[in-house]
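Examination of the molecular architecture
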Amino acid sequence: MMPLPRILILVTALVFGGCPVTTHDDDGGDDDTQGDDDVSPDDDSGDDTGDDDTGGDDDTTVPPDPMELGELVVVCDGEDPDVALDGDGHLHLVYARGGDTWYREVVLPGDLGTEFLVGDGDDPQVALDGAGMPHVVMGALSYGRWNGAGFDTQVLTGAWRKPRLAVDSHDRIHATVSRDPSPRIILFVLQGGELLAGPIEVGEDNNGGIDFDSQDLAHITWRDHAVHHMTWSLEAGAGEVTQLQASSDFSWIAVDTRDDSLHVVNTVREGEGIHYRTATGGAWGAEQVVAYDEVIGVDDPDNVGPTIDVDRSGNKYVVFAGRDRVPYFFLVDASGQVSAVARIDPDFGSLSGGKYENPNVGAHPDRAGACVAWGDNQVLVRCMGVGQ
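Residues numbered from 1 in each chain as written. Predicted model: local features only at pLDDT ≥ 70, side-chain atom pairs only at ≥ 80, totals over all residues. Heavy atoms only, no water.

**As for the sheet that holds strand 24 (residues 307-310)**
This is how it is decided: The rule for pairing is simple: two strands pair if DSSP sees at least two bridges between them. Helix numbering and strand numbering both begin at the N terminus, where a helix is a DSSP run of H or I of at least 4 residues and a strand a DSSP run of E of at least 2.
Across the sheet, 4 strands lie side by side as 24-25-26-27; this open sheet has antiparallel pairing. The open sheet has two edge strands with one neighbour each: strand 24 and strand 27 (342-343).

Below, the structure written as structure tokens:
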């Protein structure tokens with residue numbers, strides 16, 4: 001990716017250059033916003049001056065426009081980032097650089113925190129437990145767990161690609177990955193760094209997404225010519241498998257825990273838009289095609305890679321890479337109304353990475369809005385609907 005133009009620094013964005021590779025302040029001079037109390041994620045012993053910057057919970061304020069774009073922030077050098085949003089509005093970022101995965105906690109608009117090495121491997125994904133602590137999967141397949149000062153990392157399997165994870169209310173980590181031998185999709189369950197179950201055979205072909213409903217039932221998607229959905233729990237095992245619509249490689253799922261409705265997105269085969277489909281009470285509705293104009297003509301439909309997450313109001317944020325790797329988003333509100341499709345970076349035209357390096361979105365069920373991470377050689381983040 002070409003460096004962003006200098007006007008970006010002067011006008012609208014906060015740009016912070018490359019990342020340090022140490023796990024402490026490099027020179028003590030540039031990190032005045034991150035004292036010793038900010039070394040561990042979500043340390044509540046400090047002040048809360050950053051909390052309102054990503055959409056506070058003061059009910060006396062006017063709710064932000066859910067489509068409103070916040071400031072674009074260039075975090076550091078890296079690629080294929082993922083983001084999770086905690087209850088305080090802090091961003092937990094993971095990204096790849098030099099064959100390794102790195103993590104940092106960011107408090108917008110300007111505190112980029114400290115960078116930590118998670119371990120070897122790329123294509124990282126991050127999720128938070130009930131205490132707001134980060135859990136990371138990467139590579140094929142390694143798992144990193146925050147220990148209070150860094151990450152304890154272990155190899156789970158010599159799999160293949162596309163790791164995914166989600167955390168239930170008991171802080172049990174559920175990680176899926178695609179591997180080369182059949183059956184391709186496998187699941188691991190861990191708690192406190194200990195393996196509870198796995199590898200568990202799930203399905204064939206390409207890994208999708210995983211999320212939990214309010215009853216701690218995991219909902220898993222994958223693509224085997226069509227999108228497939230399955231439930232799974234440690235207590236009951238696998239539930240019924242449902243075949244949905246035809247799909248390109250990628251699918252993603254989010255659960256709106258207000259009513260446990262399911263929300264699935266995938267790239268239409270041949271790159272003819274984004275499928276959006278919901279299920280309530282186990283009954284699947286018809287798929288809708290969104291973003292046809294933004295996706296049609298894409299060089300590889302597998303590059304589109306839509307992801308989805310849900311905020312406290314039931315707004316579903318969908319992000320994806322359209323034709324020419326341009327990052328876009330759209331919103332489905334609580335009533336099911338689909339918004340217009342909008343560019344995430346309309347001013348400067350930054351791009352997402354290529355295959356497997358699609359934009360990723362993160363929201364929190366107790367907060368308004370969502371944040372997205374994307375980039376190609378630089379890690380960029382921007383929030384929408386958070387009232388920055």
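Resuming the write-up.
**Things to note about the packing of aromatic side chains**
As a reminder of what qualifies: Between rings of Phe, Tyr and Trp, where Trp is taken as its six-membered ring, a pair exists when centres lie within 6.5 Å; planes separated by under 30 degrees are stacked, by over 60 edge-to-face, and by other angles tilted. The cut-offs for exposure are 20% and 50% of the maximum accessible area for each residue type, with area from a 1.4 Å probe on protein chains only; residues under the lower value are buried, those over the upper are exposed, and the others partly exposed. Charges are assigned to positions over rings by a cutoff of 6 Å between ring centre and Lys NZ or Arg CZ, combined with an angular limit of 35 degrees from the ring normal.
Here the structure, examined in full by the defined rule, presents 7 aromatic pairs. With a centroid separation of 5.0 Å and an interplanar angle of 90°, the aromatic rings of Phe116 and Trp146 are classed as edge-to-face. One end of the pair, Phe116, is in strand 6 (residues 116-120); the other, Trp146, is in strand 9 (residues 142-146), and 30 residues separate them in sequence. Here Trp146 falls in the buried class, since its relative accessible area comes to 7%. Look at Phe320 and Tyr328: their rings are 5.5 Å apart centre to centre, the planes differ by 20°, and that puts the pair in the stacked class. No difference in accessibility class separates Phe320 from Tyr328, as the two residues are buried. Feature note: the residues Tyr103, Phe116, Trp146 and Phe151 constitute an aromatic cluster, connected by ring pairs. A cation sits over an aromatic face here: Arg97 above Trp102, 4.8 Å from the ring centre. Sitting over the face of the ring of Phe250, Lys162 holds its NZ or CZ atom 4.5 Å from the ring centroid.

**Some remarks on the sheet that holds strand 13 (residues 185-191)**
As a reminder, the rule being used: Axis definition: a line fitted to C-alpha atoms, over the contacting stretch in the case of helices. Angles run 0 to 180 degrees between N-to-C directions.
Taken in spatial order, the 4 strands make up an open sheet running 11-12-13-14, and their pairing is antiparallel. With one partner strand each, in any of the chains shown, strand 11 (161-167) and strand 14 (194-203) form the two edges of the open sheet. Across the sheet, the mean angle separating the axes of adjacent strands is 20° when strand polarity is ignored. Bridge count between strand 13 and strand 14: 6 bridges; the pairing is antiparallel.

**So, the side chain of Arg184**
For clarity, the threshold we go by: The convention is simple: Lys and Arg are positive, Asp and Glu are negative, and His and the chain ends are not counted. In what follows, salt bridge is the name for a side-chain nitrogen of Lys or Arg lying within 4 Å of a carboxyl oxygen of Asp or Glu. The contact criterion used throughout is that any non-hydrogen atoms of two residues lie within 4.5 Å.
Residue position: Arg184 is located in the loop between strand 12 (173-178) and strand 13. No salt bridge is formed by the buried Arg184. Its closest oppositely charged neighbour is Asp205, at 4.0 Å. Ignoring sequence-local partners within four residues, the contact set of Arg184 consists of Trp160, Arg161, Val177, Ser178, Arg179, Gly203, Glu204, Asp205 and Asn206.

**Here we look at the pattern of salt bridges**
Any two side chains of opposite charge can pair, given that their charged atoms come close. Per the counting criterion, the structure on display carries 11 salt bridges. Notably, a salt bridge pairs Arg223 with Asp205, separated by 3.1 Å at the nearest N-O pair. Here Asp205 lies in the loop between strand 14 and strand 15 (206-212) and Arg223 lies in strand 16 (residues 218-224), a separation of 18 residues in the sequence. The exposure classification of Arg223 matches that of Asp205, with both residues buried. With a shortest N-O distance of 3.1 Å, Arg325 and Asp376 are connected by a salt bridge. Taken together, the positions of Arg325 in the loop between strand 25 (316-321) and strand 26 (327-332) and Asp376 in the loop between strand 29 (370-374) and strand 30 (378-384) put the pair 51 residues apart, joining distant regions of the chain. Residue classification places Arg325 among the partly exposed positions, given a relative accessible area of 27%. The class for Asp376 is buried, based on a relative accessible area of 14%. Overlapping salt bridges bring together Lys162, Asp205, Arg223 and Asp249 as one network.

These results come straight from atomic positions and should not be treated as a statement about function.
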